[in-house]
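Understanding the architecture of this molecule
Residue strings, one per chain:
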Amino acid sequence: MKDICCIGHITRDRIVTPHQTVYMAGGTSFYFAYALNQLPKKASFQLVTKLAEEDMKAVDDMRQAGIDVRVYPSSHTVFFENKYGENQNERTQRVLSKADPFVMDELKEVEAGIYHLGTLLADDFAPETVKALSQRGRISIDAQGYLREVRGEDVHAIDWKDKLDILACTDIIKVNEHEMEVITGLTDPHAAARQLADWGVREVVVTLGSEGSLILADGQFYDIPAYPPKAVVDATGCGDTYAAGYLYCRSQGVGYAEAGRFAAAMCTLKLEHSGPFDRTIEEVEALLKNV
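Source: prediction; values computed, not measured.

Thoughts on the overall build of the protein chain
When helices and strands are counted, the protein chain shows ten helices and 15 strands. Here the C-alpha radius of gyration of the protein chain, 17 Å, is about what a compact globule of 291 residues would show, namely 19 Å. Dimensions of the protein chain along its principal axes, counting C-alpha atoms only, are 45 × 40 × 40 Å. Counting the 291 residues in the protein chain, one finds 57% classified as buried. The contacts of the protein chain with a sequence gap of at least 6 include a subset with a gap of at least 24, amounting to 63%. Separation of charge centres in the protein chain, based on 30 positive and 44 negative side chains, amounts to 2 Å.

As structure tokens, then:
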């Protein structure tokens, strides 16, 4: 059994900023897996993904980097275009192709203490799949995919279908300020977190970009600062890096506030370059000591 298993599609990404256009692999599972792989192997990890045969190089590269990857075939690979303005907190997206959803028959041999569901689109995981996994381990959800509806190639924010059924069996959820408002209808992060907790989530993590993040667990709020980066280069994958750091700590019994600060520091270092997190735990700890 693994301590953490991330289940999610690897994508082909076109990242457009005012300064450059970059083509690379991506997706929640991609950024999450590489971030965890940079940390000491105190928490065992496996990635479960699906993509088209012609994009298998991304999996080969991950395996060469030392990441344990279980891969299933898909008729297509998810192809995202992420476009940023000067404000890296704002992003527009297009989806140029979709992958096949995950089904329980593929996951019946996957065993983990925490299942992190890296949703990209609303139909990645059926409610029955989430419920079945919740009987075998703790469920962690990145909510972003549940709130994305593809119309043509454009991505539109929608409310979360079946959210009450799924949240009732969710242990940990990560949302940003936009996602929390879509799900709860509330604009105040503390009120939104309370609503998610009332719906059954045990640990609520709300990321607020440059304003930091907050965690609600066991009825108590923890305010986590954002640590200023040396330069803001690319925000793609920052939320996934935060989730990796947070679950890495929580899987080892680290407290909520300490786990949040560690995750925030990883996020800051990720902001300073394009591509997945590539720093060391010593650099994370040094940043925390120097603020």
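A few points about the nonpolar core
Core analysis: the largest hydrophobic core is formed by 58 residues, its most contacted members being F32, F45, M62, I215 and Y246. Tallying contributions element by element places helix 9 (residues 256-271) first for this core, with eleven residues. Residues in contact with Y246, not counting those within four places in the same chain, are I172, E203, V205, I215, Y256, A259, G260 and A263. Counting residues in hydrophobic clusters, the runner-up holds 35 residues, among them V110, I141, A143 and W160.

Digging into the sheet that holds strand 8 (residues 112-118)
Ordered in space as 5-4-1-8-9-12-13-14-15, the nine strands form an open sheet in which the pairing is mixed. With one partner strand each, in any of the chains shown, strand 5 (69-73) and strand 15 (220-224) form the two edges of the open sheet. Taken pair by pair, the neighbouring strands of this sheet meet at an average axis angle of 15 degrees, ignoring direction. Where strand 1 (residues 2-7) lies against strand 8, five bridges are found, and the strand directions are parallel. Following the sheet pairing, C5 is matched in strand 8 by Y115. Contacts from helix 4 (residues 127-134) reach strand 1, strand 8 and strand 9 (138-142), with the element oriented near 140 degrees to strand 9. Docked against the sheet, helix 8 (residues 238-250) engages strand 1, strand 8, strand 9, strand 12 (172-176), strand 13 (203-207), strand 14 (213-217) and strand 15, running at close to 150 degrees with respect to strand 13.

What counts as what
- Residues numbered from 1 in each chain as written.
- Predicted model: local features only at pLDDT ≥ 70, side-chain atom pairs only at ≥ 80, totals over all residues.
- Heavy atoms only, no water.
- Helix = DSSP H or I, 4+ residues; strand = E, 2+ residues; numbered from the N terminus.
- Rg over C-alpha atoms; globule rule 2.2 N^0.38 Å.
- Buried < 20%, exposed > 50% of the residue type's maximum accessible area, 1.4 Å probe, protein only.
- Contact = heavy atoms within 4.5 Å.
- Lys, Arg positive; Asp, Glu negative; His and termini not counted.
- Charge placed at Lys NZ, Arg CZ, Asp CG, Glu CD.
- Core = buried A, V, L, I, M, F, W, Y, C linked by side-chain atoms within 4.5 Å.
- Pairing = 2+ DSSP bridges.
- Axes fitted to C-alpha atoms, helices over the stretch in contact; angles between N-to-C directions.

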